[in-house]
Structures are given as C-alpha cells and as structure tokens.
Amino acid sequence: MQGKKGIIFGALDENSIAWKVALQCVGEGAAITLSNAPIALRMGKINELAAQCNAEVVGADATSMEDLTRLYQRAMEIHGGPLDFVLHSIGMSPNVRKNKPYTDLNYEWYAKTLDISAVSFHKVIQAAYQLDAIKDWGSILALSYIAAQRNFPNYNDMADAKATLESIARSFGYHYGVKRHVRVNTISQSPTKTTAGTGVAGFDVFYNFADSMSPLGNADAEACANYCVMMFSDWSRYVTMQNLFHDGGYSNMGISEKVIEMIKGKGE
Ligand code: NAI
C-alpha cells in the first residue's frame, strides 16, 4: 500500500469496520482521507482516528452528489491527484432502527434504506467516474452481507439494499473496468459487533449461529480490514465485479456438528 491514496467512508467509532480498515491502510503505508455523514462527525469519534492516521476528515452525506463531488475534489487536492482506492462502509435502515417488520414497512423509510445503504454506492462510484478521480487499476470496495442471497428475516429491508449493492458492483464494475481498469467489488462479511450490526434484532443469536456454523468461526473486523487491504493492493488486480465471501466458510455450509449439538441439547 506504500504510496497509495484513498478515501474511507463510514468510521464512526473504534468498533466500525471502516475504523480498522483505516488503521490497516495507514499501517501499510497508504495516505487516506476520512469521510462520514455530517451528523456522524458530530456524534462519533472520527477525529481521534484522524489524528492517529494523520488524515483530514471531510464530511459528506453519501446520498448527496454535491457532497461527494466536493469530497473528491478536496481529496484530490490533499493527495495531489487521483486516488487509488475507496471503501464504502455505509449502512442504515430506519425500518430496522424503529422495529418496523418487513410485512409492514414504512415506504419512505424503505426508500431511505435503499438510498443510504445501496444507491449511495452508485453515487460514490459515479462521482469518481465523472471526475476521473481514480487512477488506472484503482480499487473500489463496499461491505455486504449474505442476506443478499439468503433469507435472514430480522435483517429486514437491509437484505434488499445489500442485493442492490452487490448488483451495483457488477454493473459499474463493467463500465469502470473498460474506462480505467478500475475494479469494483463487495466483501460479504460475517456478523460483526458494531453499531450497525448490533442494531439488528436478535443480533447475538445470528452472530452465535454463524460462529457455530463456520469451520473457521466468524471473521472479525480486523480480519475484514486485512482482506480490504489485499483488495486495495496490486495483488488482486484482476478481481472485479465480484461478491467475495469473508465469513469463515459460513456461506458454503449446510449444517455443522456444533449446530447439531446445540439443537440436540435443546431437545433433551
Ligand atoms: P457502523 O455503524 O460502524 O458503520 C456504518 C456507517 O455508515 C457509520 O459510520 C454511519 O455514520 C455511516 N452512514 C450512515 N448514513 C450515512 C450517510 N447518509 N452518509 C455517509 N455515511 C453514512 O457499522 P459497520 O458494521 O462497521 O458497518 C459498515 C458496513 O459493513 C455497512 O455497510 C454494514 O452493512 C456492513 N456489514 C456489517 C456487518 C455487521 O455485522 N456489522 C456484517 C456485514 C456487513
């Protein structure tokens, strides 16, 4: 990562996946700019991270093309030209937050879920594409969850957002690949104890279930950060338009001996 420059969205506090990615990138020699929504800048601890990373914080609501354009322009000023990598680590559902079930969604909130958690990824990429803000062979990543493919009832409308997010990586990956060899991927991460993660009802149960199903156990935020660094590095240049499972093997499991034992234990 020596000499590479990038933007990291979504570090709220030290549990955030983006927080760990920022530290890893800088630890590996990259220079970064941090961004988050204006409200998160007021409530979160991003300035602590910025000090540790010697990074400037530039606020941007990821649903606003104006904010994103300003952010890229500032980041290119800071770093003296186009960037090498971008991490989209953004998610929020008002329906999940307010316990609205999937069978009784508030459609204004549903639109917000999709806008913040999925369409913002398109905007992050489109703003960069139009400003030509990413160098040849650059790398753009977003974080996803397996509810994009399989049903996890409590994940609610975020499942639809993640399915869209993964589709955007495939669709834009084509165009940015042709234009500049820029690769676009999503990483489908194990349940992780963060503000967004623990906001989902029953989080502890599906955290423990996934941990018991996966031969390697759940991947934690640090491990996810390592994987992100690999995807930003030159070692993954020909990987694009993919959804990459980073989940300890969970996605290919049917049932595990641990889970069998758990169910048997309950039956006895
Ligand atoms: P987090 O709560 O620390 O991060 C979510 C971030 O999104 C926050 O920094 C928040 O300020 C930001 N955000 C919300 N609205 C925004 C907006 N309009 N503009 C810009 N930023 C906005 O939680 P976490 O878990 O680190 O989430 C990061 C990503 O990882 C999300 O996409 C999440 O869905 C995904 N993920 C999380 C898993 C988990 O179990 N924690 C599992 C799989 C994926």
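Structure: see above.
Residues numbered from 1 in each chain as written. Predicted model: local features only at pLDDT ≥ 70, side-chain atom pairs only at ≥ 80, totals over all residues. Heavy atoms only, no water.

So, the site of the ligand
No. 1: Around the ligand lies a shell of 28 residues, among which Ser 16, Asn 36, Lys 162, Thr 192 and Thr 194 are the nearest.
No. 2: Within the side chain of Ser 16, an N or O atom sits 2.6 Å from an oxygen atom of the ligand.
No. 3: In the environment of the ligand, a nitrogen atom lies 3.0 Å from a nitrogen or oxygen atom belonging to the side chain of Asp 61.
No. 4: Relative to its free-state accessible area of 820 Å², the ligand is covered by the protein chains to the extent of 92%.
No. 5: Counting only elements with at least two residues in the shell around the ligand, the list comes to strand 5 (134-144) and helix 8 (195-198).
No. 6: Along the lines of polarity and charge, the residues of the shell around the ligand split into 14 nonpolar, twelve polar and two charged. (Near = heavy atom within 4 Å. Polar contact = N/O pair within 3.5 Å; in protein donor to acceptor, adjacent residues only side chain to side chain. Areas by Shrake-Rupley, 256 points an atom, 1.4 Å probe, with all protein chains shown as cover. Helix = DSSP H or I, 4+ residues; strand = E, 2+ residues; numbered from the N terminus. Nonpolar A, V, L, I, M, F, W, Y, C, P; charged D, E, K, R; others polar.)

Re the sheet that holds strand 3 (residues 56-57)
No. 1: Read across the open sheet, the seven strands follow the order 3-2-1-4-5-6-7; overall the sheet is parallel. Two strands bound the open sheet, and with one partner strand each, they are strand 3 and strand 7 (243-246).
No. 2: This element, helix 6 (residues 107-131), spans strand 1 (5-9), strand 4 (83-88), strand 5 and strand 6 (183-189) of the sheet and lies at about 170° to strand 4. (Pairing = 2+ DSSP bridges. Contact = heavy atoms within 4.5 Å. Axes fitted to C-alpha atoms, helices over the stretch in contact; angles between N-to-C directions.)

Describing the pairing of strand 5
No. 1: Burial analysis of strand 5 places eight of its eleven residues in the buried class, the great majority of the element.
No. 2: Relative to strand 5, strand 4 runs parallel, the two sharing five bridges. In the strand pairing of strand 5, Phe 85 is matched with Ser 139.
No. 3: As defined by bridge partners, strand 5 adjoins strand 6 across six bridges and the pair is classed as parallel. The partner of Ser 139 across the bridge, within strand 6, is Arg 183.
No. 4: Since strand 5 and strand 6 lie parallel, the crossover through helix 7 (residues 158-180) that links them has a hand, and here it is right-handed. (Buried < 20%, exposed > 50% of the residue type's maximum accessible area, 1.4 Å probe, protein only. Right-handed = clockwise from strand over helix to strand, strands pointing away.)

The values are spatial; any link to function lies outside them.
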